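Each chain is listed here by its residues.
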Amino acid sequence: MVKFIDEVDIKGKTLFIRVDFNVPLDQNRNITDDTRIRAVLPTINFCLEANAKVILASHLGRPNGNHMDEFSLAPVARRLAYRLHKKVILAPDCIGPEVDKIKKTMKKGDVLLLENLRYHAGEQKNDPDFARELMKGVDIYVDDAFAVAHRAHASVEAVTHFAPICVAGFLMRDEVLYFHRSMEDPARPLVALIGGAKISSKLGALLNLLKKVDKLIVGGAMANTFLKAMGLDVGKSLVDDSLLKTAKDLIKMALKKKVKFYLPVDVVVADRLDKRAETKITPVQEIPADWMIADIGPATVTLFGEALQNAKTIIWNGPMGAFEYDAFSRGTMAMVHKVAETYALTIVGGGDTDVALHKAGEFQKFSYVSTGGGAFLELMEGKKLPGIAALENWAKRNSNAH
Ligand code: 3PG
Ligand code: MG
């Protein structure tokens, strides 16, 4: 069991909150989506209300141990100040004498954002010395960085061996709770809707889902491999030929486990993946040899929609087509509306899928949208996340102490 932030006394304490401010930036380093910043405001405000000193730490991108200005958290500091209605001090680094000095001059209610953790190689190496430095002067470590919980990095794992108290924040709590409700203790029927381009990156998730769900619906380019495995000609569509046998086995497994398994019955095909491409709708049995699948078709939307009708829980990860092109976004958009219309508990994994919800204007209709991409996927694979394990282990070691 993890300990949560509202179970410990934080009044006036110095808190180090690991957050995931790895937000998307455009070429001018403007934040294009600040969901991950807004997602941790409840935890930050909770600490400020308790008059705590708040130190925030995050990575941004992959500078791989180098101090590179294009990976600076400066844009995040500005956006956070705007969202908090409060001054945010940006430290020049995340460890070192200058940072120690700033930490010492902090007053209660101050917010300090440390510079990119990945400016130091120790972060990704889970280096205990680096972690010890991070925890200097810290009373309580708070992990609210669900999106990076699948990485055993120093600010996620090693720090829990140096901080006096280690707890999870409110975002972490919500993420784990909703995931539990969808995969571990779901109201049934539980339906998974899985899409995205690469079947290889979601094999583990598909295997684990087959043990848990009542229905499995597969769309997106990964469905192509299944269609080809069934003996259909998919033309020039993206296919992972090395996984044809695996795809066949998955279909067999679904039958054996009595999981209802759905694939597209019609598709939008294009002569190339381009906004000026020629497109047409065709049954999966009639894909022209030199065309490629770019989206699910309207009959498939109807079919998938019907399969979702009696769902009590829906877990969704991955778009239904190449939805970054308007011409091929219709299937994904239609499925957003279909899922939004159900009476089910609806959980969506991060990454591209939440972009689709925003684009369709339906974000608010979903029960929960995860801030995690990779972390969410690893949970779907049935893996234990190092970030959560570290908090559990700390709680186990300290079960009598606090
Ligand atoms: C993410 O966006 O995937 C997380 O912030 C983790 O980042 P990473 O994939 O670079 O480790
Ligand atoms: Mg990632």
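See above for the structure.
Residues numbered from 1 in each chain as written. Chains lettered and ligands numbered in written order. Predicted model: local features only at pLDDT ≥ 70, side-chain atom pairs only at ≥ 80, totals over all residues. Heavy atoms only, no water.

Student: Looking at this structure, how should I read the overall build of the protein chain?
Tutor: For the protein chain, the helix and strand inventory stands at 15 helices and 15 strands. For 402 residues, the compact-globule estimate of 2.2 N^0.38 gives 21 Å, and the C-alpha radius of gyration of the protein chain, at 23 Å, lies within 12% of that figure. When its C-alpha atoms are laid out on the principal axes, the protein chain stretches across 70 × 45 × 35 Å. In the protein chain, which comprises 402 residues, the share counted as buried stands at 57%. A separation of at least 24 residues holds for 73% of the contacts in the protein chain among residues at least 6 apart in sequence. Surface exposure of the protein chain reaches about 17600 Å², of which carbon and sulfur atoms provide 50%. (Helix = DSSP H or I, 4+ residues; strand = E, 2+ residues; numbered from the N terminus. Rg over C-alpha atoms; globule rule 2.2 N^0.38 Å. Buried < 20%, exposed > 50% of the residue type's maximum accessible area, 1.4 Å probe, protein only. Contact = heavy atoms within 4.5 Å. Areas by Shrake-Rupley, 256 points an atom, 1.4 Å probe, with all protein chains shown as cover.)

Student: Hey, could you run me through the sheet that holds strand E8 (residues 215-218) in this one?
Tutor: Each strand in a sheet pairs with its neighbour through backbone hydrogen bonds, running either in the same direction (parallel) or in the opposite one (antiparallel). Strand order across the open sheet formed by six strands is E9-E8-E7-E13-E14-E15, with parallel pairing between neighbours. A strand with exactly one partner marks an edge of an open sheet, and here the two such strands are strand E9 (260-262) and strand E15 (368-369). Summarising the sheet, strand E13 (residues 313-317) and strand E14 (residues 345-348) pair through four bridges and their orientation is parallel. Residue Thr313 lies in a different strand from E14, and its bridge partner there is Leu345. (Pairing = 2+ DSSP bridges.)

Student: What am I meant to see in the packing of helix H8 (residues 203-212) against helix H10 (residues 244-256) here?
Tutor: Working note: a packed helix pair is described by the angle between its axes plus the distance between those axes. Taken N-terminus to C-terminus, the directions of H8 and H10 make an angle of 15 degrees; their axes are 10 Å apart at the nearest point. By the angle between their axes, H8 is roughly parallel relative to H10. Seen from above, H8 lies across H10 with left-handed handedness. Contacts from Leu203, Leu206, Leu207 and Leu210 in H8 reach Thr246, Leu250, Met253 and Ala254 in H10. The class makeup of the residues in the contact of H8 with H10 is seven nonpolar, one polar and no charged. (Axes fitted to C-alpha atoms, helices over the stretch in contact; angles between N-to-C directions. Parallel < 35°, antiparallel > 145°, perpendicular 65-115°, else oblique. Left-handed = near helix turned anticlockwise from the far one by under 90°. Nonpolar A, V, L, I, M, F, W, Y, C, P; charged D, E, K, R; others polar.)

Student: Would you mind going over the sheet that holds strand E11 (residues 279-283) with me for this structure?
Tutor: Taking strand neighbours across the sheet as the criterion, the three strands line up as E11-E10-E12 in an open arrangement whose pairing is antiparallel. Every interior strand has two partners, whereas the edge strands, E11 and strand E12 (292-296), have only one. Shown here is a sheet whose adjacent strand axes are inclined to one another by a mean of 40 degrees, direction ignored. Sheet topology places strand E10 (residues 266-270) next to E11; five bridges connect them, and they run antiparallel.

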